[in-house]
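Fold and geometry: a report
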Amino acid sequence: SSGGGTEDYPYSWSTPLNRMYPTLIIPDKQSQTVRPVEEVGGVLQDTRISDAAVTKLQEYAQDPQQPFFLAVGFKKPHLPFLFPEQYMDLYPESVDIPLAEHRDVNTNLPPVVWTDFGELRTYDDIAALNLSAANNYRINDTKQYELRRGYAAATSYVDAMVGKVLQALTDNGQDDNTIVVFCSDHGFQLGEDGQWTKHNNYETSVRIPFLVRVPGVTDNNDGFQSIDLFNYTAQDYGTTPSTKEAALNGSVAWKDADWSTINVKELYLHDVNLDGNDVDVEEHLNQVDNPDYRGVVTDLAQKLRDNWFVALQDYHNQK
């Protein structure tokens, strides 16, 4: 795993980590970024993971008074986009999968922002494109469509595996007293501003799906982030959590509903525009040098230097 593997240290878990490696052998995994396969003679890793999770839930159901925590981590849609072939059938070649609106690198960026998506370029089919640094490794639109189609199929595959686990909760009668959290570790660039994979601070890379289902709670409009998860669940079970401020010491980004700032060299408009134009959803237009927004840049930079978390809490409290 990432982070030097520290999250998988034995003292972190009462039951040792089981990666559930696939029983289906895929030769030359680096040859193609998109790989629909037939699960014959073995299964893919995420299929094994979902099956193991279902088995664990059945075991827990034998002692319904005993609380449990189960972490189920799926691999896809990480590269390569590897999935049972029936999920590609959901996206025939005739289907309209829009490409990113801005597919070229924005030149008005500090150098630290752009990455050359080296992970993607290690695959043989991408290397065969002979991408050139002179045009920022621009991938042709045909290949971009193929990659987006493969990403969609891989996502549908994992969606089905998650559904299998949730169905097991229902079948075992555990769904009415179990908190379920669905989240991811990062987003994914699919050609926006000429970027692929992750390794940058664009919203497309850092924003994640985050769904929390708590039995008996039907509506909650409080601001919620992934960093709140431990405190939320710990308080629910009567455990005293560490302070958020201590956990967040050293954070280097600030976001609110209207603006996103990666550092004081970038500023993108999200919800409103002083000129009344459309929002800059793909963060394509860097406004940091626009004199109309000089006050916004100064304000957000100050929040970064002071305590962005306290400022964010104040923002949510005012809503």
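Details of the structure are given in the entry above.
Rules used in this analysis
Residues numbered from 1 in each chain as written. Predicted model: local features only at pLDDT ≥ 70, side-chain atom pairs only at ≥ 80, totals over all residues. Heavy atoms only, no water. Helix = DSSP H or I, 4+ residues; strand = E, 2+ residues; numbered from the N terminus. Buried < 20%, exposed > 50% of the residue type's maximum accessible area, 1.4 Å probe, protein only. Phe/Tyr/Trp six-rings, centres within 6.5 Å; stacked < 30°, edge-to-face > 60°. Polar contact = N/O pair within 3.5 Å; in protein donor to acceptor, adjacent residues only side chain to side chain. Contact = heavy atoms within 4.5 Å. Core = buried A, V, L, I, M, F, W, Y, C linked by side-chain atoms within 4.5 Å. Expected span 1.5 Å × (residues − 1). Salt bridge = Lys/Arg side-chain N within 4 Å of Asp/Glu carboxyl O.

What follows is about the overall build of the protein. Helix and strand counts for the protein stand at 9 helices and 9 strands. Across the 319 residues of the protein, 35% fall into the buried class.

Moving on: the environment of Asp 159. Secondary-structure assignment places Asp 159 in helix 4 (residues 141–171). For Asp 159, a relative accessible area of 56% puts it in the exposed group. For the pair Asp 159 and Lys 76, spaced 83 residues apart in the sequence, the C-alpha separation amounts to 9.7 Å.

For any two aromatic rings, the description comes down to two numbers: the centre-to-centre distance and the angle of the planes. Following the criterion strictly, the structure yields 8 aromatic pairs and no others. Note on Phe 81 and Phe 188: the rings are 6.1 Å apart at their centroids and 65 degrees apart in plane angle, and the pair reads as edge-to-face. Of the two residues, Phe 81 is situated in strand 2 (residues 81–84) and Phe 188 in the loop between strand 3 (180–183) and strand 4 (189–190); the sequence distance between them amounts to 107 residues. Here Trp 114 and Tyr 137 contribute two aromatic rings whose centre-to-centre distance is 6.3 Å and whose plane-to-plane angle is 5 degrees, an arrangement assigned as stacked. On the criterion of sequence distance, the pair formed by Trp 114 in the loop between strand 2 and helix 2 (118–121) and Tyr 137 in the loop between helix 3 (124–127) and helix 4 is long-range, its members being 23 residues apart. The class for Tyr 137 is buried, based on a relative accessible area of 17%. Each member of the aromatic cluster is reached from another via a ring pair, and the members are Phe 81, Tyr 151 and Phe 188.

What follows covers the side chain of Glu 192. Inspection of the secondary structure assignment puts Glu 192 in the loop between strand 4 and strand 5 (196–197). Among the residues examined, Glu 192 registers a relative accessible area of 11% and is labelled buried. Looking at Glu 192, its side chain comes within polar contact range of the main-chain nitrogen of Leu 190, at 2.6 Å. Ignoring any residue separated from it by four or fewer positions in sequence, one finds Glu 192 in contact with Ala 100, His 102, Arg 148, Thr 204 and Glu 282.

Note on placement: Thr 47 falls in helix 1 (residues 45–60). The class of Thr 47 is buried, set by a relative accessible area of 8%. Here Glu 39 takes part through its side chain, which lies 2.8 Å from a polar atom of the side chain of Thr 47. Filtering out sequence-adjacent residues up to four positions away, Thr 47 remains in contact with Glu 39, Tyr 157, Met 161 and Lys 164.

Let us now look at the nonpolar core. Nonpolar side chains in soluble globular proteins tend to be buried together. Formed by 37 residues in total, the largest nonpolar core has its most connected members in Phe 81, Phe 83, Leu 120 and Leu 147. Contributing elements (two or more residues each) for this core: strand 1 (34–37), helix 1, strand 2 and helix 4. Here this core takes 10 residues from helix 4, the largest share from any one element. Excluding its chain neighbours within four sequence positions, the residues that come into contact with Phe 83 are Val 34, Arg 35, Pro 36, Val 37, Leu 44, Met 88, Gly 150, Ala 153, Ala 154 and Tyr 157.

A few words now on unusual backbone geometry. Here the bond from Lys 76 into Pro 77 is cis, since omega is 10 degrees, no more than 30 degrees from zero. Following Leu 79, the chain continues to Pro 80 via a peptide bond in cis, the omega torsion being -10 degrees. Among the structural elements, Pro 80 can be located in the loop between helix 1 and strand 2. With phi around 40 degrees, Phe 117 is a residue other than glycine that occupies positive phi space. Position of Phe 117 among the secondary structure elements: in the loop between strand 2 and helix 2. On the accessibility criterion, Phe 117 (2% relative accessible area) is buried. Of note in the backbone geometry, Thr 197 takes a positive phi value of approximately 65 degrees without being a glycine.

Before going further, it helps to examine helix 4. Taking 1.5 Å of rise per residue, 31 residues should cover 45 Å, and helix 4 covers 45 Å from first to last C-alpha, within 8% of that figure. Measuring from the backbone nitrogen of Thr 142 back to the side-chain oxygen at the start of helix 4 gives 3.1 Å, which picks out Asn 140 as the cap. Trailing helix 4 by a residue or two, Gly 173 shows a phi angle of about 75 degrees, which is positive.

Let us now look at the pattern of salt bridges. By the definition in use, this model includes 11 salt bridges. Note that Arg 149 is salt-bridged to Glu 93, the shortest N-O span being 3.9 Å. In this pair, Arg 149 sits in helix 4 while Glu 93 sits in the loop between strand 2 and helix 2, placing the two residues 56 residues apart along the sequence. Given the relative accessible area of 14%, Arg 149 is considered buried.

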